[in-house]
Amino acid sequence: MSGAGPLLPPAMLGVLGGGQLGRYFVIAARRMGYRVTVLDPDGASPAASLADRHLAAAYDDADALDELARTCAAVTTEFENVPAQSLERLARSIRVAPAPSCVRIAQDRILEKRFLESQGVPVGAWHAVESEADLARSASYPGILKRARFGYDGKGQTRVADAAQARAAWEAKSRVPCVLEALLPLDLEVSVVLARSASGEVRAYPLAENRHRNGTLDVSLAPARLASALTAQALEVAAHLAHSLGYVGVLAVEFFVSGGRLYANEMAPRPHNSGHYTIDACNADQFEQQVRALAGLPLADPCLLSPACMVNLLGELWENGEPDWLAILGAPQTALHLYGKRRARAGRKMGHFTVLDADRDAALARALSLRARLGIGDG
Ligand SMILES: Nc1ncnc2c1ncn2[C@@H]1O[C@H](COP(=O)(O)OP(=O)(O)O)[C@@H](O)[C@H]1O
Ligand SMILES: [Mg+2]
């Protein structure tokens with residue numbers, strides 16, 4: 001069931017997941033006058049600490065889901081690994097966006113790649129590995145073996161040079177369903193973050209150009225330094241995917257650029273780390289769009305106020321205690337974001353900063369120099 005009319009403030013909105021993406025959803029929703037309930041098992045998550053209400057329970061806890069359905073007008077998710085059955089349970093009585101069927105595809109690399117192919121979207125060479133026999137199928141090496149489900153930030157992925165390594169890597173992953181992809185030589189990685197409303201309206205942000213480090217996003221520059229034809233193609237592909245899924249909410253599509261061609265990598269059924277620049281550089285950020293799409297409001301017409309460069313702050317930076325933030329706080333046109341996570345672990349996303357500059361190359365150079373000043377290495 002999903003009433004089609006707009007939900008106006010002070011309606012209660014629900015979000016599954018209490019990480020930093022949930023935190024920004026809470027901030028956007030509350031700024032607009034909504035109230036928010038967060039469902040997250042962690043008692044001290046970044047989103048729960050800012051929410052009106054926190055249900056501390058597992059994502060498949062039937063009582064908590066029913067309470068969410070009873071007390072909220074609509075529910076969204078901040079991560080793709082929420083059980084699709086939980087979304088289906090909620091969708092029986094309240095508005096859920098994106099739809100469980102969309103999350104189901106985006107949370108499983110095998111379904112996702114088949115979907116991309118069914119839409120005629122170019123993807124790199126790949127095949128599913130679900131059995132011993134699949135491993136014997138010809139594949140292009142070097143390759144990368146990825147768990148089909150529950151991977152993120154490069155976790156659950158192993159680079160493999162040949163069939164023997166692929167077999168060993170699959171054994172090491174306890175033979176869970178995987179995809180084996182050819183490792184593409186990358187010219188560039190880019191992403192599109194867009195919002196689609198229930199009425200089919202689509203609003204996309206300028207592409208972000210993404211640099212990863214150890215499989216995790218490190219730096220995003222917007223607008224991406226990409227030829228206009230490929231930029232147009234990426235925007236067109238992302239919008240087509242959203243339409244064909246009947247998607248409602250914020251959708252991110254990651255692309256590889258290899259040999260001057262565009263290949264879709266993966267989709268995220270939620271706001272995306274590479275869209276964090278929109279918080280400081282746009283009139284309406286990706287989280288406001290998430291709220292608007294969920295509530296059935298008209299989408300904002302986003303406009304980039306300045307080129308921007310975002311740098312992620314990962315847990316290893318806390319190795320010797322709290323970093324000295326004055327370097328960032330004193331820098332011109334620079335915003336520091338910390339997610340309020342109590343414990344820093346290597347690789348954990350703790351915060352980010354964004355540098356604005358009318359000159360995109362200067363934004364990148366200033367961001368990289370601040371990054372180096374904080375002592376973030378390139379390893
Ligand atoms: N087939 C590939 N060829 C080249 N690089 C890849 C490939 N797959 C993944 N990578 C690198 O690893 C990063 C993380 O992989 P991705 O599939 O996006 O997983 P995650 O869910 O962890 O973001 C990519 O952004 C890219 O830098
Ligand atoms: Mg990715």
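Residues numbered from 1 in each chain as written. Chains lettered and ligands numbered in written order. Predicted model: local features only at pLDDT ≥ 70, side-chain atom pairs only at ≥ 80, totals over all residues. Heavy atoms only, no water.

S.K.: So what exactly am I meant to see when it comes to the nonpolar core here?
M.R.: Residues Leu13, Phe25, Tyr34, Val36, Val38, Tyr277 and Val291 are the most contacted members of the largest nonpolar core, which totals 41 residues. Within the residue set of this core, elements represented by two or more residues are strand E1 (12-16), helix H1 (20-31), strand E2 (35-39), strand E10 (188-196), strand E14 (249-258), helix H9 (277-281) and helix H10 (286-295). If you tally residues by element for this core, the top one is H1, at six residues. The contact partners of Val38, leaving out residues within four places of it in the chain, are Val15, Gly17, Gly18, Val26, Ala47, Ala48, Ala51, Arg53, His54 and Leu55. (Core = buried A, V, L, I, M, F, W, Y, C linked by side-chain atoms within 4.5 Å. Buried < 20%, exposed > 50% of the residue type's maximum accessible area, 1.4 Å probe, protein only. Helix = DSSP H or I, 4+ residues; strand = E, 2+ residues; numbered from the N terminus. Contact = heavy atoms within 4.5 Å.)

S.K.: Can you help me understand the sheet that holds strand E6 (residues 126-129) in this one?
M.R.: Backbone hydrogen bonds are what pair the strands of a sheet, in a parallel or an antiparallel way. With antiparallel pairing, four strands are arranged side by side in an open sheet as E6-E9-E7-E8. A strand with exactly one partner marks an edge of an open sheet, and here the two such strands are E6 and strand E8 (157-160). Looking at each pair of strands side by side, their axes are set apart by 20 degrees on average, direction ignored. By the bridge criterion, five bridges tie strand E7 (residues 143-147) to strand E9 (residues 178-182) in an arrangement that is antiparallel. (Pairing = 2+ DSSP bridges. Axes fitted to C-alpha atoms, helices over the stretch in contact; angles between N-to-C directions.)

S.K.: Would you explain the coordination of the magnesium ion (ligand 2) in this entry?
M.R.: Reference values for angles at a metal are 109.5 degrees in the four-donor tetrahedral case and 90 or 180 degrees in the six-donor octahedral case. Within the protein, Glu254 (OE), Glu254 (OE) and Glu266 (OE) serve as the donor atoms for the magnesium ion (ligand 2), at 1.9 to 2.6 Å. On the criterion of sequence distance, the pair formed by Glu254 in strand E14 and Glu266 in strand E15 (residues 261-268) is long-range, its members being 12 residues apart. Just as Glu254 is buried, Glu266 falls in that class too. (Donors = N, O, S within 2.8 Å, 3.2 Å for Na, K, Ca; no water.)

S.K.: I'm lost on unusual backbone geometry in this one. Help?
M.R.: Note on backbone geometry: most residues besides glycine have negative phi, and most peptide bonds are trans. Cis geometry is adopted by the peptide bond preceding Pro98, which originates at Ala97 and carries an omega value of 0 degrees. Residues Ala222 and Pro223 are joined by a peptide bond in cis, for which omega reads -5 degrees. For Pro223, the location among the structural elements is in the loop between strand E13 (216-222) and helix H8 (228-245). Positive phi, close to 50 degrees, is recorded for Asp153, a residue that is not glycine. Phi angles above zero are rare outside glycine, and Ser174 is one such case at about 55 degrees.

S.K.: Any chance you could explain the pattern of salt bridges here in plain terms?
M.R.: A pair can form between side chains of opposite charge whenever their charged atoms are brought close. Here the structure, examined in full by the defined rule, presents 21 salt bridges. Notably, a salt bridge pairs Glu181 with Lys146, separated by 3.0 Å at the nearest N-O pair. In this pair, Glu181 is assigned in strand E9 and Lys146 in strand E7, connecting sequence segments 35 residues apart. One continuous salt-bridge network, built from bridges that share partners, spans Glu132, Arg167, Glu171 and Arg175. (Salt bridge = Lys/Arg side-chain N within 4 Å of Asp/Glu carboxyl O.)

S.K.: Is there a simple way to explain the packing of helix H2 (residues 62-71) against helix H3 (residues 84-91) in this structure?
M.R.: A packed helix pair is summarised by two numbers, namely the angle formed by the two axes and the spacing between the axes. The N-to-C vectors of H2 and H3 enclose an angle of 40 degrees; their axes lie 9 Å apart at closest approach. Relative to H3, the element H2 is oriented oblique. Crossing geometry of H2 relative to H3 is assigned as right-handed. The segment H2 lies against H3, with Ala62, Leu65, Asp66, Leu68 and Ala69 engaging Ser86, Arg89 and Leu90. Class assignment of the residues belonging to the contact of H2 with H3 gives a composition of five nonpolar, one polar and two charged. (Parallel < 35°, antiparallel > 145°, perpendicular 65-115°, else oblique. Left-handed = near helix turned anticlockwise from the far one by under 90°. Nonpolar A, V, L, I, M, F, W, Y, C, P; charged D, E, K, R; others polar.)

S.K.: Is there a simple way to think about empty space enclosed by the protein in this case?
M.R.: Using a probe with the size of a water molecule, rolled over the atoms, empty space left in the structure can be pinpointed. Under the counting rule described, the total for this entry stands at one cavity of 30 Å³ or more. The volume enclosed by the largest cavity comes to roughly 60 Å³. Lining the largest cavity are Lys113, Val123, Gly124, Ala125, Trp126, Glu181, Ala182, Leu184, Phe256, Ala264 and Asn265. Mapped by element, the contributors of at least two residues to the lining of the largest cavity are E9 and E15. Among the residues forming the lining of the largest cavity, the class breakdown is seven nonpolar, two polar and two charged. (1 Å grid on protein atoms, 1.4 Å probe; cavity = no way out; pocket = protein on both sides within 12 Å on 5 of 7 lines; lining within 4 Å. Points joined across faces, edges and corners; volume = space filled by probe spheres on them.)

Structural measurements only, silent on function.
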